[in-house]
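Each chain, written out:
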Amino acid sequence: QEKVQQSPESLIVPEGAMVSLNCSFSDSASQSIWWYQQHPGKGPKALISIFSNGNKKEGRLTVYLNRASLHVSLHIKDSQPSDSAVYLCAVISNTGYQNFYFGKGTSLTVIP
Amino acid sequence: EAAVTQSPRNKVTVTGGNVTLSCRQTNSHNYMYWYRQDTGHGLRLIHYSYGAGNLQIGDVPDGYKATRTTQEDFFLLLELASPSQTSLYFCASSVGGEQYFGPGTRLTVL
């Protein structure tokens, strides 16, 4: 079974700061890695995904994947109070079924 | 945009009670999932399905049954509810590796 660990558990930053969130996983053959954002009382919503080693940028978000070190990170540039949420890392396993494994999340608070 | 709805949004029942949680997706996604979310545990997969009539066991299936009656509808059944099943339940559908979540059902078992 895939293991997904996220760090830090929580983070408080001032508005405009660069935010870095980390995720480690156990299976280098995992298909793709997704980051989800979850606001209080809502379901998670997909933000960005990556499959290949390297980085991918979408707007203020950049994700880096290193399969050799089993590590993926999400960076949020120019953070806003509306970015305050829990961020979940999800790994799709390589079992033949589309089975997702989620980390416990990082709680981000952006102070105006 | 993919839409997933859940009902009820809140449910209170007693120990030993019978509960059915409903989920509908309107985008004909093949995969549908039931998760529970608890503080300290994150999202845990209960059951999932890749089409009508199909059912796969997730990581925490004990005490839960599920049924996928159509491409759109996926139900989670708790036949003898216990206080340990008090949780926030999410349904999701997926296509191309992206999951679309419903708004959640908060279940309290007294």
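Residues numbered from 1 in each chain as written. Chains lettered and ligands numbered in written order. Predicted model: local features only at pLDDT ≥ 70, side-chain atom pairs only at ≥ 80, totals over all residues. Heavy atoms only, no water.

## Looking at the sheet that holds strand 8 (residues 73-78) of chain B
Through backbone hydrogen bonds, the strands of a sheet pair up, either in parallel or in antiparallel fashion.
Residue and element names in this part refer to chain B.
Step number 1: Read from one edge to the other, the open sheet built from four strands follows the order 1-3-8-7, with strand pairing classed as antiparallel. At either margin of the open sheet sits one strand with a lone partner, and together these are strand 1 (4-7) and strand 7 (65-68). With direction set aside, neighbouring strand axes in the sheet form an average angle of 15 degrees. (Pairing = 2+ DSSP bridges. Helix = DSSP H or I, 4+ residues; strand = E, 2+ residues; numbered from the N terminus. Axes fitted to C-alpha atoms, helices over the stretch in contact; angles between N-to-C directions.)

## So, the nonpolar core
A general feature of soluble globular proteins is that nonpolar side chains tend to end up buried together.
Step number 1: Ile33, Trp35, Val72, Leu74 and Tyr87 of chain A are the most contacted members of the largest nonpolar core, which totals 24 residues.
Step number 2: Of all the secondary structure elements, the ones that give two or more residues to this core are strand 3 (19-25), strand 4 (33-38), strand 5 (45-50), strand 7 (61-66), strand 8 (71-76), strand 9 (85-92) and strand 11 (106-111) of chain A.
Step number 3: Grouped together as the second largest cluster of nonpolar side chains are 18 residues, Phe102 of chain A together with Tyr31, Leu45 and Ala92 of chain B included. (Core = buried A, V, L, I, M, F, W, Y, C linked by side-chain atoms within 4.5 Å. Buried < 20%, exposed > 50% of the residue type's maximum accessible area, 1.4 Å probe, protein only.)

## Some points on a nonpolar patch on the surface
Step number 1: Residues Val12, Val14 and Leu110 of chain B make up a contiguous nonpolar surface patch of roughly 300 Å² in combined accessible area.
Step number 2: Looking at the element boundaries, valine 12 of chain B is found in strand 2 (residues 10-13). (Patch = residues over 30% accessible without salt bridge, like charges linked within 9 Å, V, L, I, M, F, W, Y side chains within 5 Å. Areas by Shrake-Rupley, 256 points an atom, 1.4 Å probe, with all protein chains shown as cover. Salt bridge = Lys/Arg side-chain N within 4 Å of Asp/Glu carboxyl O.)

## A closer look at unusual backbone geometry
Step number 1: Cis peptide bonds are those with omega within 30 degrees of zero, and the linkage from serine 7 of chain A to proline 8 of chain A qualifies with -10 degrees.
Step number 2: By the secondary structure assignment, proline 8 of chain A is in the loop between strand 1 (4-7) and strand 2 (10-14).
Step number 3: In this chain, serine 7 of chain B is followed by proline 8 of chain B through a cis amide linkage whose omega measures -10 degrees.
Step number 4: By the element assignment, proline 8 of chain B lies in the loop between strand 1 and strand 2.
Step number 5: Phi angles above zero are rare outside glycine, and aspartate 78 of chain A is one such case at about 50 degrees.
Step number 6: Structurally, the position occupied by aspartate 78 of chain A is in the loop between strand 8 and strand 9.
Step number 7: Residue classification places aspartate 78 of chain A among the partly exposed residues on the basis of a relative accessible area of 38%.
Step number 8: The backbone phi angle of serine 28 of chain B is positive, close to 55 degrees, even though this residue is not glycine.

## Some details on the packing of aromatic side chains
Step number 1: Across all of its chains, the model carries 14 aromatic pairs over all chains by this definition.
Step number 2: Residues phenylalanine 100 of chain A and tyrosine 33 of chain B carry aromatic rings whose centres are separated by 5.6 Å and whose planes lie at 90 degrees to one another, so their mutual orientation is edge-to-face. Of this pair, phenylalanine 100 of chain A sits in strand 10 (residues 100-102) while tyrosine 33 of chain B is found in strand 4 (residues 31-38), placing the two residues in two different chains.
Step number 3: Accessibility expressed as a relative area gives 0% for tyrosine 33 of chain B, which makes it buried.
Step number 4: The rings of Trp34, Tyr36, Phe100 and Phe102 of chain A together with Tyr31, Tyr33, Tyr35, Tyr48, Tyr50, Phe90 and Phe101 of chain B are connected pair by pair, giving a single aromatic cluster.
Step number 5: The ring of phenylalanine 51 of chain A is capped by arginine 67 of chain A, whose NZ or CZ atom sits 5.3 Å from the centre of that ring. (Phe/Tyr/Trp six-rings, centres within 6.5 Å; stacked < 30°, edge-to-face > 60°. Lys NZ or Arg CZ within 6 Å of the ring centre and 35° of its normal.)

## Overview of the sheet that holds strand 6 (residues 54-58) of chain A
Residues and elements named next belong to chain A.
Step number 1: Within the open sheet, the five strands sit side by side as 1-3-8-7-6. Their pairing is antiparallel. The open sheet terminates on both sides in strands that have one partner only, identified here as strand 1 and strand 6. On average, adjacent strands in this sheet sit at an angle of 15 degrees to one another, irrespective of strand direction.
Step number 2: One ladder, built from four bridges, connects strand 1 with strand 3; its direction is antiparallel. What sits directly across from valine 4, in strand 3, is phenylalanine 25.

## Observations regarding the interface of chain B and chain A
A common measure of how large an interface is: the accessible area buried when the components associate.
Step number 1: Taken together, the contact between chain B and chain A spans 23 residues of the former and 19 residues of the latter.
Step number 2: At the boundary of chain B and chain A, one finds zero salt bridges.
Step number 3: Here chain B is connected to chain A by three residue pairs in polar contact (both at pLDDT 80 or more).
Step number 4: Counting only elements with at least two residues in the side of chain B that touches chain A, the list comes to strand 4, strand 5 (42-49), strand 9 (87-95) and strand 10 (98-101) of chain B.
Step number 5: Considering only residue class, the side of chain B that touches chain A consists of ten nonpolar, ten polar and three charged. (Contact = heavy atoms within 4.5 Å. Polar contact = N/O pair within 3.5 Å; in protein donor to acceptor, adjacent residues only side chain to side chain. Nonpolar A, V, L, I, M, F, W, Y, C, P; charged D, E, K, R; others polar.)

## Here we look at the pattern of salt bridges
Residues and elements named next belong to chain A.
Step number 1: Scanning all chains against the criterion turns up six salt bridges over all chains.
Step number 2: The partner of aspartate 83 in a salt bridge is arginine 60, with the nearest N and O atoms 2.9 Å apart. Placement of aspartate 83 in the loop between strand 8 and strand 9 and of arginine 60 in the loop between strand 6 and strand 7 is noted, with a sequence separation of 23 residues between them.
Step number 3: For aspartate 83, a relative accessible area of 7% puts it in the buried group.
Step number 4: Given a relative accessible area of 32%, arginine 60 falls into the partly exposed group.

Read these as spatial facts, not as claims about activity.
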